[in-house]
Amino acid sequence: MISEVEFAIQWMVSGRNPDARRGADRSGAYTLDPKLLEAVVPNRAVTEERKLTADEQWLLDDVLADLTKREKDVFTLVRAEGLSFEYTAELLGISKSSVQTYLERAECKIENRKNGSLFLVS
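Residues numbered from 1 in each chain as written. Predicted model: local features only at pLDDT ≥ 70, side-chain atom pairs only at ≥ 80, totals over all residues. Heavy atoms only, no water.

Comments concerning the environment of leucine 64
Spelled out, the test is: Only DSSP runs of H or I with at least four residues qualify as helices, and only runs of E with at least two residues qualify as strands; both kinds are numbered from the N terminus onward.
Position of leucine 64 among the secondary structure elements: in helix H4 (residues 54–64). Remark: the alpha-carbon pair of leucine 64 and lysine 109, spanning 45 residues in sequence, is separated by 8.7 Å.

Structure, rendered in structure tokens:
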């Protein structure tokens, strides 16, 4: 019971599953400001109550506007929540390779939006 509580505390402190072998730390940095990612994830306990400014909300809406619903779901679960591809696939009822494909598409679209590219990604 003590180990389970320690596990839960570690998860709450880090915001990620402690057993995840390939978390956000290994893949590099987030594509967006972590404070903006907090706004994407509803129902997440935020230690610091803070409203998004109009500029931050516009930036978030603008960056995520090109993503399909499935791409937003996958991006949110994997990058903002730090869930594994396997667990994300289980939650969404799709294959692990589909999670990877949706995430790659989402990141490509976000990167293109950041760089001002106007071409479409298929």
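Looking at the packing of helix H5 (residues 69–80) against helix H7 (residues 96–115)
Condition: Interaxial angle, 0 to 180 degrees, is taken between N-to-C directions of lines fitted to C-alpha atoms, where a helix line uses only the stretch in contact. Here roughly perpendicular refers to angles of 65 to 115 degrees, roughly parallel to angles under 35, roughly antiparallel to angles over 145, and oblique to all remaining angles. In what follows, a contact means two residues having at least one pair of non-hydrogen atoms within 4.5 Å.
At their nearest, the axes of H5 and H7 sit 9 Å apart, and the two run at 95° to each other. One way to sum up the angle between H5 and H7 is to call them roughly perpendicular. For the pair formed by H5 and H7, the contact residues are Arg70, Glu71, Val74, Phe75, Val78 and Arg79 on the first element and Val99, Tyr102, Leu103, Arg105, Ala106, Glu107, Lys109 and Ile110 on the second.

Some points on the pattern of salt bridges
The following threshold applies: A side-chain nitrogen of Lys or Arg and a carboxyl oxygen of Asp or Glu constitute a salt bridge if their distance falls within 4 Å. Only protein chains enter the area calculation, which uses a 1.4 Å probe; residues under 20% of their type maximum are buried, those over 50% are exposed, and those in between are partly exposed.
Throughout the structure, instances matching the rule amount to three salt bridges. The closest approach of N and O atoms between aspartate 73 and lysine 69, which form a salt bridge, is 3.3 Å. With aspartate 73 and lysine 69 both in helix H5 and four residues apart, this pair spans about one turn of that helix. Glutamate 71 is the salt-bridge partner of lysine 109, the closest N and O atoms lying 2.9 Å from each other. You can see lysine 109 sitting in helix H7 and its partner glutamate 71 sitting in helix H5, a full 38 residues away along the chain. Residue glutamate 71 is classed as buried on the basis of its relative accessible area of 2%.

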